[in-house]
Amino acid sequence: MNRMVLLLLTGLLITSFIFPGPASADLPRYLHINEITMEPKGPDAIFSVDYELDIIARLYVLFLGSGSIEPAIKDLFYDFNEIKIISIKENHAQVIVYNIGYRDNEIEGIYFYDSFKLGDTVDTLILFPNSENPERLYNVTSTPNVFMRY
């Protein structure tokens, strides 16, 4: 009997992810992005993503592992050319994005970072978390055009 209930629950979870409802350009509704921290490293940047999963998605991750939400994390960074997911956990992911900044040829030590769209609205975007005054942006759908001195 327990096996039948587990099989039925697993089938319902898989069905809810295969047929999620109306099509949308946003991330799946089971994933809510609370905060993203952008830490530039020369021409690259490391993004730390804090998110919440609904109860069904948490069960899904429990059964199939955190790699099952990797496509949703990749969709968040759809506008970037080259990304690599470093780690995914139940409510946190780290992503490195390559070649999004470029050096100013006239002023040594300055990198510019162009704006890129994000796959969903992010509650809080924190820029330069290790600086004296990290910048916080709220309800953003893209990264801003910024520069950083190294």
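Predicted model only: the values in this text are computed from it and were never measured.

J.: Which residues make up the sheet that holds strand E1 (residues 31-41), and what values go with them?
T.: Taking strand neighbours across the sheet as the criterion, the six strands line up as E3-E4-E2-E1-E7-E8 in an open arrangement whose pairing is mixed. A single partner strand is all that each edge strand has here, and the edge strands are strand E3 (82-88) and strand E8 (135-142). Neighbouring strand axes in the sheet, compared pairwise and without regard to direction, differ in orientation by 25 degrees on average. As paired strands, E1 and strand E2 (residues 44-53) are joined by 10 bridges and run antiparallel to one another. Its bridge partner lying in E2, Pro40 is registered against Ala45.

J.: Break down the confidence of the model for the protein for me, citing the residues and quoting the values.
T.: Per-residue confidence for the protein averages 84 on the pLDDT scale, and 82% of its residues sit at or above 70. In this model, residues 21-25 is a region of pLDDT below 50 whose contacts with residues beyond four sequence positions or in other chains number two contacts.

J.: Give me the packing of aromatic side chains: which residues, what numbers.
T.: Scanning the model with the defined rule gives seven aromatic pairs in all. Look at Phe80 and Phe116: their rings are 4.5 Å apart centre to centre, the planes differ by 25 degrees, and that puts the pair in the stacked class. With Phe80 in the loop between helix H3 (70-76) and E3 and Phe116 in the loop between strand E6 (110-113) and strand E7 (117-127), this pair connects stretches of sequence that are 36 residues apart. Per residue, the accessibility class of Phe80 equals that of Phe116, and both read buried. Ring centres of Tyr111 and Tyr113 lie 6.4 Å apart, and the angle between their planes is 25 degrees; on these two criteria the pair is classed as stacked. Residue Tyr113 is classed as buried on the basis of its relative accessible area, which comes to 1%. Chaining the aromatic ring pairs together yields one cluster made of Phe47, Phe77, Phe80 and Phe116.

What counts as what
- Residues numbered from 1 in each chain as written.
- Predicted model: local features only at pLDDT ≥ 70, side-chain atom pairs only at ≥ 80, totals over all residues.
- Heavy atoms only, no water.
- Pairing = 2+ DSSP bridges.
- Helix = DSSP H or I, 4+ residues; strand = E, 2+ residues; numbered from the N terminus.
- Axes fitted to C-alpha atoms, helices over the stretch in contact; angles between N-to-C directions.
- pLDDT = per-residue confidence, 0-100.
- Contact = heavy atoms within 4.5 Å.
- Phe/Tyr/Trp six-rings, centres within 6.5 Å; stacked < 30°, edge-to-face > 60°.
- Buried < 20%, exposed > 50% of the residue type's maximum accessible area, 1.4 Å probe, protein only.

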